Amino acid sequence: MRAFKYTNAPDSASAIRTVSANPAAKFLGGGTNLVDLMKEDVMHPTELMDVTRLSYTKIEKKNDGVSIGATATNSTTANHELIRKNYPLLSMAILAGASAQIRNMATNGGNLNQRTRCSYFYDVNMACNKREPGSGCAALNGVNKNHAILGWSEKCVATYPSDMAVALAALDAVVQVEGPNNSSRSIPFAEFHRLPADHPEKDNNLKQGELITAIDLPANQLAEKSYYLKIRERSSYAFALVSVAAALVTEGGRISEVRIALGGVAHKPWRATVAEKWLTGKEATTANFKAAAAAEMKNAKPLQHNKYKVGLALNAITRALEGAMQGGAYGTMEAESTSKN
Amino acid sequence: MSETGKPISRIDGSMKVSGKALYSAEFNQPNMAYVFPVRATIAKGKIAAIDDTVAKKEPGVLAVISHLNAQKLKPMDMQAQMKAGAAFLGENLPPLQSNVVHYPGQFIAMVVAETYEQARTAAYKVKVRYTKEKAAVDLKAEIPNSKRPKMFMGEEAQVNEGKAAPLLAASAQKVDHKYSTPVEHHHPMEPHATVAVWDGKDRLTLYDATQGVGLTGAIAAYFLDLKPENVRVVAPFVGGGFGSKGLWLHTLIVAMAAKAVGRPAKLALTRQMMQTNVGHRAATVQRVALATDTNGKLSVMRHHTDTYNNLTQFFEPSGKQSLVLYKAPLREVTYNVAQLNRSTPTFMRAPGESPGTFALESAMDEMAFKMKIDPIEFRIRNHTTKDPMQGHDFSSEYLLDCYRIGAERFGWSARSIEPRQKRQGRYLVGYGMATATYPGGRSAASVKVVMDAKGKVTVSTASIDIGTGTYTVLAQTVADALGIPVDTIEVRIGDSSLPAAPLAGGSQTTASIHPAAVEACVLLRRDLAALAIADPDSRLSGQRLEEIDFAKGKLFVKSDDKKNDSYLNILSRSKRTELEACATTLPVSGAGLTVPSALCTPRETPAEQNSDIKQYAFHSFGAQFAEVWVDEDFGTIRVKRFTSVQDVGRIMNEKTARSQVIGGVIMGIGAALMEATDYDQRWGNPVTRTLADYHVPVHLDVPPIDVHFIGKNDPHISPIGARGIGEIGITGVSAAIANAVFNATGKRLRDLPLTPEKFYEV
Amino acid sequence: MQENAKFPDLSDAERKALEELMPDEINEIISSGIKRRHFLKLFAVTGTALLASHMLGIEQLMARSAELSTPPPLPIENGINLSFKVNGATKKLMVDSRMTLLDMLRERLELTGSKKGCDHGQCGACTVIVDDKRVLSCLTLAATCEDKKVTTIEGLATGNELHPMQSSFIKHDGFQCGYCTPGQICSAVALMEEAKNGEASYVTANVREKKAAVKLSDEEIRERMSGNICRCGAYPNIVDAIREVHGDKAVAQLWQFAEGTN
Ligand SMILES: Cc1cc2nc3c(=O)[nH]c(=O)nc-3n(C[C@H](O)[C@H](O)[C@H](O)COP(=O)(O)OP(=O)(O)OC[C@H]3O[C@@H](n4cnc5c(N)ncnc54)[C@H](O)[C@@H]3O)c2cc1C
Ligand code: SF4
Ligand code: FES
Ligand code: FES
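Remember, it's a predicted structure, so these values are computed and weren't measured experimentally.

## A word on the domain arrangement of chain B
Residue and element names in this part refer to chain B.
In step 1: What the domain assignment reports for chain B is domain 1 (13–134 + 186–275), domain 2 (145–184 + 280–440 + 618–678 + 687–761) and domain 3 (445–614).
In step 2: Between domain 2 and domain 3, the C-alpha centre-to-centre distance is 39 Å.
In step 3: Contact with domain 2, which involves 17 residues of that partner, is made by 22 residues of domain 3.
In step 4: Contact with domain 3 buries area across many residues of domain 2, yet Met 652, Pro 719 and Ile 720 alone supply 29% of it, more than any other trio.
In step 5: There are two residue pairs in polar contact (both at pLDDT 80 or more) connecting domain 2 and domain 3.
In step 6: Class assignment for the residues of the side of domain 2 that touches domain 3 results in eight nonpolar, eight polar and one charged.

## Some words on the nonpolar core
In step 1: Judged by nonpolar contacts, the single largest core of 226 residues is most densely connected at Leu290(B), Leu482(B), Ile737(B), Met104(C) and Ile242(C).
In step 2: Apart from residues lying up to four places away in sequence, Leu482(B) is in contact with Val449(B), Met451(B), Val457(B), Cys521(B), Leu524(B), Arg525(B), Phe550(B), Gly553(B) and Tyr567(B).
In step 3: Membership of the second largest hydrophobic core comes to 82 residues, among which are Met32(B), Phe36(B), Ile42(B) and Val197(B).

## Points about the interface of chain B and chain C
In step 1: Contacts between the two partners involve 97 residues from chain B and, on the opposite side, 80 residues from chain C.
In step 2: Roughly 7300 Å² is buried in total at the junction of chain B and chain C, and carbon and sulfur atoms are behind 59% of that figure.
In step 3: Connecting chain B to chain C are six salt bridges.
In step 4: Our enumeration of links across chain B and chain C arrives at 34 residue pairs in polar contact (both at pLDDT 80 or more).
In step 5: If you list the elements that add at least two residues to the side of chain B that touches chain C, you get helix H1 (13–17), helix H4 (116–124), strand S12 (231–234), helix H9 (271–274), strand S22 (489–492), helix H16 (654–673) and strand S31 (705–709) of chain B.
In step 6: Residue contributions to the side of chain B that touches chain C peak at ten residues, all from H16(B).

## Things to note about the side chain of Thr305(B)
Residue and element names in this part refer to chain B.
In step 1: Within the secondary structure, Thr 305 is located in strand S15 (residues 298–309).
In step 2: Take Thr 305: its relative accessible area is 0%, and that puts it in the buried class.
In step 3: A distance of 2.9 Å separates polar atoms of two side chains, one belonging to Thr 305 and the other to Ser 318.
In step 4: Not counting residues within four places of it along the chain, the set of residues in contact with Thr 305 comprises Thr 284, Val 285, Gln 286, Glu 316, Ser 318, Gly 319, Thr 334, Tyr 335 and Asn 336.

## A word on the sheet that holds strand S9 (residues 226–231) of chain A
All names here are of chain A.
In step 1: Strand order in the open sheet formed by four strands is S9-S10-S11-S12, and the pairing between neighbours is antiparallel. Of all the strands in the sheet, the pair left with one neighbour each is S9 and strand S12 (270–271).
In step 2: When strand S10 (residues 242–251) meets strand S11 (residues 254–263), the two strands line up antiparallel, connected through nine bridges. Bridging across to S11, Thr 250 finds its partner in Ile 255.
In step 3: Where helix H5 (residues 88–96) meets the sheet, it contacts S9 and S10, and its direction lies at approximately 15° from that of S9.
In step 4: Contacts from helix H12 (residues 308–325) reach S9, S10 and S11 within the one sheet, and its direction differs from that of S10 by about 40°.

## Topic: the pairing of strand S23 (residues 548–551) of chain B
Residue and element names in this part refer to chain B.
In step 1: In terms of strand pairing, S23 meets strand S24 (residues 554–557) through four bridges, oriented antiparallel. Across the sheet, Phe 550 pairs through a bridge with Leu 555, a residue of S24.
In step 2: Once S23 ends, the chain turns through two residues before running back antiparallel as S24, passing Lys 552 with a positive phi of about 45°.

## Quick notes on the site of ligand 2
In step 1: Neighbouring ligand 2 are 16 residues, the closest being Cys118(A), Cys128(A), Cys137(A), Cys156(A) and Val157(A).
In step 2: The residue makeup of the shell around ligand 2, split by class, is eleven nonpolar, three polar and two charged.

## As for the pattern of salt bridges
Once their charged atoms are close, side chains differing in charge can pair, the charge on each being opposite to the other.
Residues and elements named next belong to chain B.
In step 1: Counted according to the given criterion, the structure contains 76 salt bridges over all chains.
In step 2: Among the ionic pairs, Arg 573 bridges to Asp 535, the shortest N-O distance being 2.8 Å. Separated by 38 residues along the polypeptide, Arg 573 in helix H15 (residues 567–573) and Asp 535 in the loop between helix H14 (509–533) and S23 bring together distant segments of the chain.
In step 3: Asp 680 is the salt-bridge partner of Arg 682, the closest N and O atoms lying 2.7 Å from each other.

## What about unusual backbone geometry?
In step 1: With omega at -10°, the peptide bond leading from Leu752(B) into Pro753(B) counts as cis.
In step 2: Within the secondary structure, Pro753(B) sits in the loop between helix H17 (733–745) and helix H18 (756–761).
In step 3: Positioned with a positive phi, Tyr237(A) is a non-glycine residue whose angle comes to about 55°.
In step 4: Within the element layout of this structure, Tyr237(A) appears in the loop between S9 and S10.

Rules used in this analysis
- Residues numbered from 1 in each chain as written.
- Chains lettered and ligands numbered in written order.
- Predicted model: local features only at pLDDT ≥ 70, side-chain atom pairs only at ≥ 80, totals over all residues.
- Heavy atoms only, no water.
- Domains from an automatic or database assignment.
- Contact = heavy atoms within 4.5 Å.
- Buried area = accessible area lost by both parts, 1.4 Å probe.
- Polar contact = N/O pair within 3.5 Å; in protein donor to acceptor, adjacent residues only side chain to side chain.
- Nonpolar A, V, L, I, M, F, W, Y, C, P; charged D, E, K, R; others polar.
- Core = buried A, V, L, I, M, F, W, Y, C linked by side-chain atoms within 4.5 Å.
- Buried < 20%, exposed > 50% of the residue type's maximum accessible area, 1.4 Å probe, protein only.
- Salt bridge = Lys/Arg side-chain N within 4 Å of Asp/Glu carboxyl O.
- Helix = DSSP H or I, 4+ residues; strand = E, 2+ residues; numbered from the N terminus.
- Pairing = 2+ DSSP bridges.
- Axes fitted to C-alpha atoms, helices over the stretch in contact; angles between N-to-C directions.
- Near = heavy atom within 4 Å.

Put into C-alpha cells, the structure is as follows:
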C-alpha cells in the first residue's frame, strides 16, 4: 500500500472539491474493496476522503418509492423494513453477497463502485487493460472460466461482481450524484455501469469527484413475486458464477410485467431485455421461462473456459422466474433442511 | 477411572478462546524490524538486475537484501544435511544465494524496514529485470519428458511395472479409467511466520510457525552454520499446518534479515505467498484399472500416476493405498514424475491416500456397479487381513466392522444400486461410500517428567500441538501413568530446548511420544519407590520394588494397601525440591525399547531401529459414507450428511479425536467439491491467488458429521495402543462423494473438484 | 431494579456472577441469548478459573517474550492522531494512515488475540466488534476508528471469567488450532445480537416478514457464520457451541467410550 493522506470528510462539498481536484484521490466507503486493492498495489490513491460519516445514511420514502442513502451500510439496507417489505429482491441480493462482517462495513455507494474480481486484474504482474490501459488483457486467452459471456470486448472480458447491483438493475434504480460546484445529476441504473468496449479502465460513468449520495428505487408492483438466485462454487461467501434477479407481475396467469437481470455474465449487471420482451404477455409457465432464457442466451459468446455459463445462465433464469412466481419464499438447496439433522 | 480416552475439554482451550494463546508472529520484540519479501514474476530464468534505488529511499527502510548482498549460507549437501538431521528442507533452494529463478513467486529479495507498512510499500518499489528462459509449466506437455523415480522415501516406487497388462488383457470384467486431481493448498489459518532474535553472533531464537521445532532448529543451524544447540525454536501454539509447516525459506530469510540489520525481525507471510512459497499438493492424473473374476474377486489392480515436482525428491504418492487395500493377487503401481517450474509440492494431509483413494475408490465403485454388486459387498469380497505386498498381518484391523457399523449408522440399506432413484423436491439424492486408510507411524521420542515438592508435575517434550490436542492427551496419559489428577499436570511442548520428539506429521505424534511419557513416569515412580524403600520413616521401608503399585498419588504394597506412602510425603522427607525422570523410546513392539537416559537430552533422538515392521503391517482403516443432493440444472452438489467410522487403535481423548476426524472429512469435502489452484498455461503463474479464489469449505458447506470409533487397542504399535488420526479422516471422502453423485445422477465425474462446470462437461 | 429486569430468572448470586462475566459493552447481547439453565451449566462446565494450572508455564514463557518497552517513536508518514476505545479503555496514539485496525491492535497495542488469516477480507479471523457490529479489522483503516468503540476477543472475558460463548466453545471443542477462534467467537457474539434484532440472511425463507427476534436454525447459524473460515474444520462443533448459547437448553454430547462431559 502506497502512502496516502487520509481525511475524514467534514462535509460533502469539501470532499467533492478535494477529490475532483486530485485525479489520484478517492472517496473511501467501508474500504472493503478499496483497501483490499490498495494492499494488492492495484490501486494507489494519494488521498482518501472518508465519506462514511457524511449524512447520507437515511433510508426513507421518496415520492412513491424509497431512497437509500449512499453511506448506509449494505446490512442496514438489506434489513430495513421499507426494503424488506417493498423491495425484497434487493434484500435477498445484498444478503447473497460477501459475509455478515463485510455487509456491515460495505456502503451502498461503495458497492456500486466495487471493481472486478478478475484474477489478472488483481495480479499487478499481469497485463490488464482495466488496471493499465493499453497493456493488454491476460484473461482473454488465459484462465477465464469466471469471465464474461455477454457484451465483452477484446480489450476486457471481466465481469462485474456485485450482487446488489443486479437487483438494482432489475428494479430500475436511479443513482443520485453530487458533483463539483453544487452540481447534481440522476443516472438511470442501466446507464450507470458500462460495457468494456475500448475503455475497460472505466467501470462506470461517474466522473472523478462525483459522489453518490443516494440510490432511488421507484415504486413497483414486483414485491410479491421476486427472487434472487445466486450460483457459486461453495454455498456461501463466494462470488457468483451466475446470478439472476427476477421479478414479475401476473394478471390472470399472464405476465404483465417482468424484470430479469443477470450477474456474473458481463462487465455490468445484464438486463435480459430479450427474455423480458419475449415473456411479456405470455403465460407464466416453466416452458415459457425456458424459451425466453434461451432467446436471451442466443447472444452469448463464451470464452475458452466458460462455455458452461451459457447453460448455467439459461437454467438459472428459468429457475429464478419459478422462484419469483412462488413469492421468493423458494428454498435454495442450502435453506432446505438437512435430511437428518 | 482412567483419564485416557475421556472426552475432556482441551487444557489449552481457555487460552485459545480468550486470545491469550500466542502464535509465532505475536512474539513481538523490542526494536523489531519488519521483513517483506520480493517474489519472482517469471517461471524460469535469471535475474539480470535489481534496481532498489527507489525502494531504499522509502521512509523507514533499513535494508534491501538479495543474492547480491545476502549472507552466504552453507550450501546444500544431502549427506551432511542427513547427518545433521537437516535434510528435510521444504524446497532444496537455500534462499537468496543465486540469480536463478525456478518458479513464479520464488523469494528473490526482501526489504527490511521499521514498520510493516513501510516494508510492504518499499518491496513494491523494488524493480527486477530478468532474462527469461523457456519454462515447463504444463503437466500434460511435460509427461513425455518425465522420470520414473526408483525410490520414494526409502521404498521402491515402481512396483511390478508392466506386469498387469497381460492379465488385464485376458480379463472379461474390467474397468480402466483416468481420474485427475488438481493442485491443492494447505492454507492453515495461521500464515507461516517467523520472528528471529539473535543473541550475539552465534545464538539464535526463532519463534516459528512449525510442525517440528527440532527439525526447524536443525535445518536453520545447518544453513546458518550455527551449533545446533545454539538455535532455539519456540512454537507453543501453531495455527494448523496440514503438512505445510516444515522449514521453508522464509524462516532462513528472517534470520538473515535480523542479522543484517542487527535487530530482531519478523516476517509473516501473506496469504498470496501461501500459494507459492510453502508447498502444495501436486496435481495428479491417475489411471486405475481393475479386473475381477466372475465371482467379483479382484484378479489384478493397476494404478499409474502422472505428477510432477520441483526442487524436492518428494512427489505425490497416490498409489500408496493401492498397495494396501484388497486381496488382488497382482498389483502394479507406477509413477511418472515430470519437473515443472512451479513452486515446490510437499506433504499435504494424507499425502498419496487423499488423491489416491479418490481414484481407487471411484474405480471400485465403477466395478461394483458394472457387476451390479453393492459396493460394500464388493469390498467385503475383496477384503484382506494381511498386507498384500509383504504378506504380514495387520497389527490390528477392523475394517469389516467399519463397513458394517457405518452402513447401519448411515442407513445404507435405503440405497439402490441403480442411480437416479431418489429425489428430494427438485434435487437428486445419492448415497456413496469409500474405504479410508492411512499407515500407522511411530518414531523415537523423548519425554521428561518432573515432580516438584508440591506434587505438581511438569511433562515436557519438543512436540507440537497444531490443533491436534497434544497438550491435553499428554496430560491425560501422565495422569494415568502417575495416578494423579489432570489438573496437577503442566505440559510444556513447542520448544526445541525440550527433549526431542518427532515433528507433528504423518499422524505419529501420539503413537510416538506417549510411550515415552509412560516410560518416564515408570522411571519416576521407580525413583520414588526407591526413596521410600530406603527411608526408615516410610511405611514402604524395606519393601521389594516389584511389590509396589501406585494409585491416587500414592505408592502402596500390592498385597497390603495399608502399607502406603504418598508421593508428596516421600519427596518432602527426602528433602528434595523435585524429582526428574526422562525416557526415550524407540518404535518397537510391545513395551517399546527404552534407551538409557543419557540419550534423553534435548535434540538427540536416536535413530530408529529394531522396529517390528518386519512382523506386522501398521495401518488404520475406516469407512466413509456420504449423502449428496445434486441440483442437476446447475451442477451444484451439497453434502447433506456424512458418516465416518474409524479403526485407528485406542482413542486417547474422544472429544479431540472426533474433532480431528471431522476436520479431515471437511477438508475432504473441500477437495471433492471446490478446492483447486489453477495456473496460467502460458506463464505458469497461479491464477488462484488468494482465499477469495481458493475456495475452502465454509460453515454452510458442512453438514452434520457422524463419527464412530472402533476403539480397539493396537497391541503391536505401542503399549499405548493408539495409531494416529490426523490424516485418515480425509481419505476416501472425495470418492464417497463422487460415488454418491453417481448414485444420484448416473453421471460419473472423474476430475476433481466437482464444481458446476464439470457437470456441464460430461 | 433495572438489573433484575435484565435477568429475571436468575438468583441474586447468579446475577452477580453473570455480571462479572460480562464486559459492559455487550451486556444486552447476553441478556438476550442466555437463560438460566444453561448459564448454570456453562458455569459448572468451565469452573471459575480462566487459566488452569496446566498452561501456566506456557503462559509465563509467552509473557516473558512478549514484554515490550514503549515503542520508540517511528518515522510515520501521514500520521493520524487517533483516539478511540478498545475493550473499554481509551487509547490515544499516532498511526500511519496505511495501518489497519488489525495491525494497530496486533503490532501497536499488544492485543494479538485478533488474528490475521488473509489480510484481505477473505477469512474472518480478524473479526472484531466495532460500535456493536462485527466487522473485519483487516480491511478497516485504523484512521477510520476515531471515537469508535472496539471490542476484541480480549474484551469478552471479565477478569478471569470467560464469556458464555467462550465457555461454550471449550465445552463443544469449537476449535482445534485455535487460530480462527477469536474471530469465530466475536462473530458469534455479534450474531446473537443480530438474531435478537430479527435480521435476515440469504437462507431466511421469507425476507418480507420482519420479526422482532429470530430463533436461528442450524442452517441459519451456518449461513450467518460463513464469513468465518476454519481450516481445521471445527464447524459442526462451533454450530453446537453457538446453539447452546443461543438456545435455552444444553446441547447434548454423546460419547462412546466414557461418561462425563466436561
Ligand atoms: C472476500 C470478499 C467477498 C465478497 N463477496 C461479495 C459477493 O459475494 N457479492 C458482492 O456483491 N460483493 C462482494 N464483496 C464486495 C463487497 O460487497 C464490496 O467490497 C463492498 O460493497 C464495497 O463497499 P465499500 O463501502 O466497502 O467500498 P469501498 O471499498 O470503500 O469503495 C469502493 C469504491 O467505491 C468508491 N466509493 C465509495 N463510496 C462512494 C460514494 N458514495 N460515491 C462515489 N464513489 C464511492 C471508492 O472510491 C472506491 O473506489 C466481497 C468482498 C470481499 C472482500
Ligand atoms: S478481463 Fe479485464 S480486468 Fe481481466 S485482465 Fe482482461 S482487461 Fe484486465
Ligand atoms: S484477516 Fe481479515 S478477513 Fe482474513
Ligand atoms: S481452529 Fe484451526 S482454523 Fe479453526
